[in-house]
Amino acid sequence: MLRRYGMDSDKMFGAGMASILLAITSWGASRGLRGENLARADRWGIFIGEWAPTFFALGAAMRLEEYTHPEVPEQSERQHERDRSFSEVGR
């Protein structure tokens, strides 16, 4: 279903990394706050940080699907590109 909206495993992994970076940025921006503002900023950072495992799990599931169902042309092409890049790194 996510593929219909243009999502793939690389985008999901990217979203997971963005979630982590956004949570760290939120924490850094809240360092000068006090009282209720600090509590709100902390909750917001934790909320954003909790998205990361979901994005990484979806990315892993989509990556597994890309490798197990290569009959989809777009997936097969991306798989061949990854295989070439992994084999070049190992040399």
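Quick caveat: nothing in here was measured; it's all calculated off a predicted structure.

What counts, and at which threshold
Residues numbered from 1 in each chain as written. Predicted model: local features only at pLDDT ≥ 70, side-chain atom pairs only at ≥ 80, totals over all residues. Heavy atoms only, no water. Helix = DSSP H or I, 4+ residues; strand = E, 2+ residues; numbered from the N terminus. Buried < 20%, exposed > 50% of the residue type's maximum accessible area, 1.4 Å probe, protein only. Phe/Tyr/Trp six-rings, centres within 6.5 Å; stacked < 30°, edge-to-face > 60°. Axes fitted to C-alpha atoms, helices over the stretch in contact; angles between N-to-C directions. Parallel < 35°, antiparallel > 145°, perpendicular 65-115°, else oblique. Contact = heavy atoms within 4.5 Å. Salt bridge = Lys/Arg side-chain N within 4 Å of Asp/Glu carboxyl O.

K.L.:
Residue-level account of the side chain of S19, with values.
P.N.:
Mapping S19 onto the fold places it in helix α1 (residues 9–29). Among the residues examined, S19 registers a relative accessible area of 2% and is labelled buried.

K.L.:
So, the packing of aromatic side chains: which residues are in play, and what are the values?
P.N.:
Per the stated rule, a full pass over the model turns up three aromatic pairs. Through a chain of ring-to-ring contacts, the aromatic side chains of W44, F47 and W51 assemble into a single cluster.

K.L.:
Could you give an account of the packing of helix α2 (residues 36–49) against helix α3 (residues 51–68), with specific residues and numbers?
P.N.:
Direction vectors running N to C along α2 and α3 enclose 10 degrees, while the axes themselves pass 4 Å from each other. As judged from the angle between their axes, α2 and α3 are roughly parallel. Between α2, through F47, I48 and G49, and α3, the contact on the second element is made entirely by W51, A52 and P53.

K.L.:
How would you explain the pattern of salt bridges if you had to name every residue and give the values?
P.N.:
Pairs can form between side chains of opposite charge once their charged atoms are near each other. Scanning the model with the defined rule gives three salt bridges in all. In this structure, D10 and R63 form a salt bridge, with 2.7 Å as the shortest nitrogen-oxygen distance. Separated by 53 residues along the polypeptide, D10 in helix α1 and R63 in helix α3 bring together distant segments of the chain. Judged by its relative accessible area of 40%, D10 falls in the partly exposed class. The salt bridge involving R63 is made with E66; its shortest N-O contact spans 3.8 Å. With R63 and E66 both in helix α3 and three residues apart, the pair spans about one turn of that helix. Given a relative accessible area of 1%, E66 falls into the buried group. Counted as one network, the salt bridges with shared partners bring together D10, R63 and E66.

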